[in-house]
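Here's the letter readout for the chains.
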Amino acid sequence: QVQLEESGGGLVQAGGSLRLSCAASIRSFGRTFNTYVMGWFRQAPGKERESVAVIGLNGRATYYSDSVKGRFTISRDNAQSTVYLQMNSLKPEDTAVYYCNINPPRANYWGQGTQVTVSS
């Protein structure tokens, strides 16, 4: 079992930046944070949840959706069991609830998410 808590969202003007954090609590026997590939996902109003960024076990391998490539950076601190999403040059279309999860995501691991609103 993995519990995830996102934070860091807010209201920002277009072109601004935010840094999201996701703190993980691992309750699976024999598993630690650094044994999970992690991802950030987002869901905008009226749309399906989509993958935004993924990071490998040691943080070296990363993947970004085309819509955020070059603007967002995913990172992780395995000692702190935390994954981050640095979001720069934000656009109104980035407005969504942002979630973290393992990758591929497990339905019972979704947290409450953190709202990001970008005004034009």
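Refer to the structure printed above.
Each value, and the rule that gives it
- Residues numbered from 1 in each chain as written.
- Predicted model: local features only at pLDDT ≥ 70, side-chain atom pairs only at ≥ 80, totals over all residues.
- Heavy atoms only, no water.
- 1 Å grid on protein atoms, 1.4 Å probe; cavity = no way out; pocket = protein on both sides within 12 Å on 5 of 7 lines; lining within 4 Å.
- Points joined across faces, edges and corners; volume = space filled by probe spheres on them.
- Nonpolar A, V, L, I, M, F, W, Y, C, P; charged D, E, K, R; others polar.
- Phe/Tyr/Trp six-rings, centres within 6.5 Å; stacked < 30°, edge-to-face > 60°.
- Helix = DSSP H or I, 4+ residues; strand = E, 2+ residues; numbered from the N terminus.
- Buried < 20%, exposed > 50% of the residue type's maximum accessible area, 1.4 Å probe, protein only.
- Contact = heavy atoms within 4.5 Å.
- Disulfide = S-S within 2.5 Å.

Explain the layout of surface pockets residue by residue, including any values.
One simple way to see leftover space: roll a probe sized like a water molecule over the atoms. Its boundaries defined by the atoms lining it, the largest pocket holds a volume of some 160 Å³. What lines the largest pocket is Arg42, Gln43, Ala44, Lys47, Glu48, Glu50, Ser67, Arg71, Glu93, Asp94, Thr95 and Ala96. Looking at the lining of the largest pocket residue by residue, the class counts come to two nonpolar, three polar and seven charged.

Lay out the packing of aromatic side chains in plain terms, naming residues and giving numbers.
Enumeration over the complete set of coordinates arrives at two aromatic pairs. Between the aromatic rings of Phe41 and Trp110, the centroid separation amounts to 5.2 Å while the plane-to-plane angle is 85°, which identifies the pairing as edge-to-face. Of the two residues, Phe41 is situated in strand β4 (residues 38–43) and Trp110 in the loop between β9 (96–102) and β10 (114–119); the sequence distance between them amounts to 69 residues. Given a relative accessible area of 24%, Trp110 falls into the partly exposed group. A ring pair is formed by Tyr99 and Trp110, whose centres lie 5.7 Å apart and whose planes are at 75°; its orientation type is edge-to-face. Here Trp110 lies in the loop between β9 and β10 and Tyr99 lies in strand β9, a separation of 11 residues in the sequence. Residue Tyr99 is classed as buried on the basis of its relative accessible area of 12%. Members of the aromatic cluster, each reached through a chain of ring pairs, are Phe41, Tyr99 and Trp110.

Please provide a residue-by-residue account of the environment of Ala53, values included.
Within the secondary structure, Ala53 is located in strand β5 (residues 50–55). Residues Ala53 and Val68, 15 residues apart in the sequence, show an inter-C-alpha distance of 8.3 Å. Setting aside its immediate chain neighbours within four residues, Ala53 contacts Met38, Gly39, Trp40, Tyr63, Tyr64, Ile74 and Leu85.

Please provide a residue-by-residue account of the state of the cysteines, values included.
By the definition in use, this model includes one disulfide. Note that Cys22 is cross-linked by a disulfide to Cys100, the S-S spacing being 1.8 Å. Residues Cys22 and Cys100 share a disulfide whose torsion about the S-S bond is about 50°; that sign makes it right-handed. Here Cys22, found in strand β3 (residues 18–26), pairs with Cys100, found in strand β9; they are 78 residues apart in sequence, far enough to count as distant. Overall, Cys22 belongs to the buried group, its relative accessible area being 0%. Cys100 sits in the buried class, given a relative accessible area of 0%.

Quick one: what's the story with unusual backbone geometry, residue by residue and with numbers?
Cis geometry is found at the peptide bond from Asn103 to Pro104, where omega equals 0°. Position of Pro104 among the secondary structure elements: in the loop between β9 and β10. Backbone geometry places Ser81, a non-glycine residue, at a positive phi of 50°. With respect to the element layout, Ser81 can be found in the loop between β7 (72–77) and β8 (82–87). One non-glycine residue, Ser89, lies in positive phi territory at about 50°. Mapped onto the elements, Ser89 comes out in the loop between β8 and β9.

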